[in-house]
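Architecture at a glance
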Amino acid sequence: MVRVASWGRLDDHEHELVPLVDRTRVAAQVAGARGLPQGNARSYGDVCLNPGGRLWRTTSLDRFVDFDPASGRLRCEAGVLLRDIQRMSLAHGWLLPVTPGTQLITVGGAIANDVHGKNHHVLGSFGDHVLGLTLARTDGSVIDCGPERQPGWFAATVGGMGLTGVIVEAELQLRRVAGPWLVTDTVPYRNLDEFFALADGSEAGWEQTVSWVDCLSGIGRGLFFRANPAAIPDRAARPEARAAGVPFVPPVSLVNALSLRPFNETYFHLNSLKAGHAIAHFEKYNYPLDNLNDWNRMYGPRGFYQYQSVVPRAAGRAAVGAMLEAIKASGQGSFLAVLKTFGDRPSRGMMSFPRPGVTLALDFPNRGAPTLALFERLDAIVREAGGRIYAAKDARMPRDLFESGYPRLAEFLEYRDPGISSAMSRRLIGS
Amino acid sequence: MPDSPQRIVIVGATSSIAEHCARLWVAGRAVALTLVGRDAGRLERIAADLRVRGPGSTIAVRTVDFADARAIRALADALAHEGVPDQVLIAHGSLPDQQACQRDLGLAAEALEVNAVSPVLFAEAFAGHMEGKGGTITIIGSVAGDRGRRSNYVYGAAKGLVTRYAQGLQHRLAGSGSALRVVLVKPGPTATPMTAHLPQRGLAPVEQVARAIVQGSQAGKPVVYAPGKWALIMMVIRHLPAFVFNKMNI
């Protein structure tokens, strides 16, 4: 048994780590056993933890099976990192259509959390580009499914938090790119109304949109980032990636009441000065923290939470405003505060998070009771607005909010693998 | 010749470290790579992955009995006949359960066979062909071979034997003025399936160790610790007097 923590580092627990290394043996390894599949453990909360139990670790199940440079179709094992896909495919003129804020997650993890990125309104979420997947169940069965074959299994597994089985292989459709470069634009905004005007106004002309919001300002001032793929080739170029790291856990969180306000002020004003167009390499623009190894350590020994919610657009303006005020009043918060509007597209997964509306994501250093109390206030706002919380980030949402936020839960449970259980499933589903 | 692809042979190619070295080699210029192992199916799956990563490279797969000296000799002869390798990586090994080895002598014998005798036989076989031409033989040892300790001394003994062998071969090649270099890499604990049952903190990422091996092979240094900090750590460990070392629970 070894101690394993997730990205939020809230706690660590003993797990039995069973590495999956051979895709032809996974079904036999999993049959008759109990456990939880785990990728690169970048989820923040407990979706990827099974304290006291077994983890089927997929990071050594990381081989490509086949790639067709003419069609952009890729077959690979579930433990391949998104980074390795893109570094291989870029030379052929292809990239993944959807990636989140980090490349350091596995294909299986990307499917199980149906991750989304800055281009949701154009390209949807990760599951929208999965052509098929192979699932190994603890009853010994192996299910080959896709949007048109055994579609119920597919829809349950996309966003299914690993609870339907162990994803062994997947087939993905990549998208064509001219090169690695993006044309980017940065626009400061002074309040939420300006944010929504920018968000709506940008949808037609910009493929990628996201914003940083000053969580201490209470009024929702921030920076709106938008980008489009540039028609500039030069596929061989890679940015000079000097990886730095946070080599040890500082005794207290570096993100605290003293550091946050000056950071936010500086960040807002410096970037307002730099506002305007620029060319950026997609890796640096999209995955800015991937080169800072173990950045999660900067929150100190108690770790941190991420709170990410989506609320429907009708209630969005009021709900986001109320949440920002509650956060400001609490004095808690973080550098990382993201505000984004989702596109008007249904997600493929029964338990997928993205839905039309506006999403707010923030990191909070774990200060114990005051942090949890703030979350309860935020929950009330989300609940009233008819929104939901993202399971991939969650460590503490109450069961009622999970049930109200995910109306297809009962349908999803029919596909659940009874041999698979996580700390999250025990917390939110009861087993 | 600068234009013909580098010929690389990886023995024990199904090991995690070896596979990551292969990925680095095919990501550079095109190479002619031969993967040697015991399980044809696994080797083929690795080869298919490498073909995606390095479409310009040719990847071949060979199986052999790792304990049979005659078979090892025949394989080295056959591969050299196709073209004397420029780079050989000897990467096989497996971490046995020390307590089980103490209870079961047969297990101990197998562990010594796979971790000591077999790597040496492969190195000897290839050295014979490469001595006249040049190139590099990289052998993966371990920091465990620097000093026997109670938690893994059967494995450590085997890796110690490999260390002594590499030294001897290096001495031989220096004497004959050969251009062939031997690089002995000693990884510290690395995060691979072999160590999934050990505390994960402090295990080096496998990509980092693979990069050290590929770079060390290029540079031709006689001994490479991966990561480099282990050179200092093991120097201290090697020099601790017995009355201190014996009190340590490692």
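This report concerns the structure included in the present document. The shown structure was predicted, so the numbers you read here are calculated from the model rather than taken from an experiment. (Residues numbered from 1 in each chain as written. Chains lettered and ligands numbered in written order. Predicted model: local features only at pLDDT ≥ 70, side-chain atom pairs only at ≥ 80, totals over all residues. Heavy atoms only, no water.)

1. Observations concerning the interface of chain B and chain A
Selection rule: Any two residues having at least one pair of non-hydrogen atoms within 4.5 Å are treated as being in contact. Buried area, as used here, totals the accessible surface that two parts lose on assembly, with accessibility defined by a 1.4 Å probe and the loss added over both. In the sections that follow, a salt bridge refers to a side-chain nitrogen of Lys or Arg positioned within 4 Å of a carboxyl oxygen of Asp or Glu. In the analysis that follows, any N or O atom pair within 3.5 Å is treated as a polar contact, provided that within protein one partner can donate a hydrogen and the other can accept it, and provided that, for residues neighboring in sequence, both atoms belong to side chains. Helix and strand labels come from DSSP, where a helix needs a run of H or I of at least four residues and a strand needs a run of E of at least two; each type is numbered from the N terminus.
Taken residue by residue, the interface counts 19 residues in chain B and 19 residues in chain A. Counting each side, the surface lost to burial between chain B and chain A is near 1500 Å², with a carbon and sulfur contribution of 54%. The interface formed by chain B and chain A contains four salt bridges. The partner of B:R23 in a salt bridge is A:D62, with the nearest N and O atoms 2.9 Å apart. The interface formed by chain B and chain A includes six residue pairs in polar contact (both at pLDDT 80 or more). Taken together, the elements giving at least two residues each to the side of chain B that touches chain A come down to α1 (16-27) and α2 (40-53) of chain B.

2. Details of the side chain of A:R388
All names here are of chain A. Applicable threshold: Relative accessibility thresholds used throughout: buried, under 20% of the residue-type maximum; exposed, over 50%; partly exposed, between the two (1.4 Å probe, protein chains only). Charge assignment in this entry is limited to Lys and Arg as positive and Asp and Glu as negative, and neither His nor the chain termini are counted.
Looking at the secondary structure, you find R388 in strand β21 (residues 388-389). For the buried R388, no salt bridge exists, and the shortest N-O distance to an oppositely charged side chain is 8.2 Å, to D114. A polar contact of 3.0 Å, which involves the side chain of R388, links it to the backbone oxygen of S352. A polar contact is formed between the side chain of R388 and the backbone oxygen of F353, at a distance of 3.0 Å. Setting aside chain neighbours within four positions, we find R388 in contact with Q308, S309, V310, S352, F353, P354, R355, V382, G405, Y406 and P407.

3. Focus: empty space enclosed by the protein
All names here are of chain A. As a reminder of what qualifies: Definitions used throughout: a 1 Å grid over protein atoms alone; a cavity as a set of points that fits a 1.4 Å probe which cannot get out; a pocket as an open set with protein on both sides within 12 Å along at least five of seven lines; a lining residue as one with an atom within 4 Å of a point. Grid points are joined across faces, edges and corners, and a volume is the space filled by probe spheres set on the points. When residues are sorted by character, Ala, Val, Leu, Ile, Met, Phe, Trp, Tyr, Cys and Pro go into the nonpolar class, Asp, Glu, Lys and Arg into the charged class, and all the rest, Gly among them, into the polar class.
Under the definition given, this model contains three cavities of 30 Å³ or more. Roughly 80 Å³ of internal volume is contained in the largest cavity. Considering the residues around the largest cavity, the lining is formed by 13 residues, among which G159, M161, M351, Y390 and A391 are closest to the centre. Per-class residue counts for the lining of the largest cavity are nine nonpolar, three polar and one charged.

4. Notes on the packing of helix α3 (residues 69-82) of chain B against helix α5 (residues 105-130) of chain B
All names here are of chain B. Note the threshold: Interaxial angles span 0 to 180 degrees and are taken between N-to-C directions of axes, which are lines fitted to C-alpha atoms, for helices over the stretch in contact. Crossing handedness: left-handed means the near helix sits turned counterclockwise from the far one by under a right angle, and right-handed means the same turn made clockwise.
At a closest axis distance of 9 Å, the pairing of α3 and α5 adopts a crossing angle of 35 degrees. As α3 runs across α5, the sense of the crossing is right-handed. Residues A69, I72, R73, L75, A76, D77, L79 and A80 of α3 form the contact with α5, whose own contacting residues are L121, F122, A125, F126 and H129. Here the residues of the contact of α3 with α5 are counted per class, giving ten nonpolar, one polar and two charged.

5. Structural notes on the side chain of B:T136
Residues and elements named next belong to chain B. Within the fold, T136 resides in strand β5 (residues 135-140). Residue T136 is classed as buried on the basis of its relative accessible area of 3%. Among the polar contacts listed, one links the side chain of T136 to the side chain of R181, at a separation of 2.8 Å. Here T136 is in contact with D86, Q87, V88, M130, L180, R181, V183 and S217, once residues within four sequence places are set aside.

On their own, these measurements won't tell you what the molecule is for.
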